[in-house]
Amino acid sequence: MESQATRMHAVTAETAKIVDLVLDYSRRRILASDTPLDKPISEFELDRLAGRTIDEHGIGARRALALFEHVLAPACITTDHPQYLSFIPTAPTKAAIAFDLVVSASALYGGSWLEGAGAVHAENEVLAWLANEFGLPSTAGGVFVQGGTLGNLSALVAAREQARLLLHEAGTDAPARWKVVCSAEAHSSIASAARVMDVDVVPVDPGPDGMLRGEVVRAALEEHGASVFAVVATAGSTNFGIVDDIASIAALKEEHEFWLHVDGAYGLAAMLSPLARDRFAGVELADSLIVDPHKWLFAPFDACALIYRDPETGRRAHTQHAEYLDTLTETSEWSPSDYAAHLTRRARGLPLWFSLATYGGAAYRDAISSALRLAQDIAREISSRDGLRLVRDPQLSVVVFEREGWTRDDYAAWSARLLDEQRAFVTPSSHAGRPNTRFAIVNPMTTFEQLVGILDTM
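Described in the following lines is the structure provided in the data block. Computed from a predicted structure; not experimentally measured.

**Structural notes on the pairing of strand S5 (residues 259–263)**
In step 1: Burial of S5 is extensive: five of the five residues sit out of reach of the surface.
In step 2: Here S5 shows a buried face lined by Trp 259, His 261 and Asp 263 and a second buried face lined by Leu 260 and Val 262.
In step 3: As paired strands, strand S4 (residues 228–234) and S5 are joined by five bridges and run parallel to one another. Within S5, the position partnered with Val 232 by the bridge is His 261.
In step 4: Strand direction decides the pairing type here: S5 and strand S6 (residues 288–291), joined by three bridges, are parallel. Across the sheet, the residue bridging to Val 262 is Leu 289, located in S6.

The structure is reproduced here in structure tokens:
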């Protein structure tokens, strides 16, 4: 007889109805072609509209799903909407979204080979494919983690551990303070990782065009010496989509001992396109790199591919040791939990694997190329318009521009009006103290006509 203790887990008529409700909603949402942008509302309004949903007896699946569909979801901006153009959007393929349901339904654990060999094998195939695209050796490998912040942190932890090992082998004392060199325009996660690690950041001015180059990095290495354990190059900055001169930075490894990490969370995916591949020369010399599939590789949140040139450096830094883990850590089998600052993990690389296996790499190259071409097209349109000014020519798919005479408040009012009218989500930004705005283009469904329509409102 069913009890309260087993009710939530047993397969019954009630659970069948719940599954049918959820799958019906998911099918409608995945296949919808007119999902609105939606927008946030106040906490007061959400309290009023949603009411109390959690009590001792439950409100039932039908009511809970209705509240989600009609109250909670509309208070969240639709991040895969073609006119979501702020921050760095997401645009998961339909296959990746659908397979995300499969991953949850399959009760998979992605932390160890013992528990998830099939899932780990599929994830590793994706990582090997990416490593090959980036020019890394066939022995490279890594893991999918939650996002770029955790990916950068995990890579830098491995870098410091490697530096410690080299000093120990040389019989040299560690520096009083470890340091990481990066561009002053590097992603905020580098500074965040440094705080967590209690190391210092040496920010280097990349110059007017925003590209960090070897000559300024050399000066920092000569000034700070052996205290520098890593240099971070950016392969597509979030604000402008700028790719550092990775080749000239990598060349410094012939003169100085440091770990080269490439933060390609947003932009490194562009290397798959022949239109942009040349910009990334030098990536093949990286000791580690990251790229976020939930950005420009069309996977659902959340997934960051962290790849090590020598995976053993990652494993040495991150393997956790405990008596109950001995059965995992005392084998040579590939356990993803050993390669980043995590233990329990979802097999978050599987939606990308399924999508790649379904559509093939060529479809990805075409989709990325379309965003690169669209960025150039709309940049030319902006340059042709009186009153608008490109802040920089786009390297990848981020287009930053100004409306002459506008203040921060003008941009904010315009942005709010666009969202209120459900026309677009385009937020204010700034550079060097000057307000501006930007189009971040990754969705293949975004069109030139849509972008022109947004410009017409300025």
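**With respect to the sheet that holds S6**
In step 1: Taking strand neighbours across the sheet as the criterion, the seven strands line up as S1-S7-S6-S5-S4-S2-S3 in an open arrangement whose pairing is mixed. Both edges of this open sheet fall to strand S1 (141–145) and strand S3 (200–204), since each of them pairs with a single strand only. Neighbour to neighbour, the strand axes of the sheet diverge by 20 degrees on average, direction disregarded.
In step 2: One ladder, built from four bridges, connects strand S2 (residues 179–183) with S4; its direction is parallel. Following the sheet pairing, Val 181 is matched in S4 by Val 231.

**Observations concerning the pattern of salt bridges**
In step 1: With the rule as written, the count across this model stands at 26 salt bridges.
In step 2: Salt-bridge contacts for Asp 200 lead to Arg 177; the nearest nitrogen and oxygen are separated by 2.9 Å. In this pair, Asp 200 is assigned in strand S3 and Arg 177 in the loop between helix H7 (148–170) and S2, connecting sequence segments 23 residues apart.
In step 3: The partly exposed category is assigned to Arg 177, whose relative accessible area is 32%.

Thresholds, definitions, all that
- Residues numbered from 1 in each chain as written.
- Predicted model: local features only at pLDDT ≥ 70, side-chain atom pairs only at ≥ 80, totals over all residues.
- Heavy atoms only, no water.
- Buried < 20%, exposed > 50% of the residue type's maximum accessible area, 1.4 Å probe, protein only.
- Helix = DSSP H or I, 4+ residues; strand = E, 2+ residues; numbered from the N terminus.
- Pairing = 2+ DSSP bridges.
- Axes fitted to C-alpha atoms, helices over the stretch in contact; angles between N-to-C directions.
- Salt bridge = Lys/Arg side-chain N within 4 Å of Asp/Glu carboxyl O.

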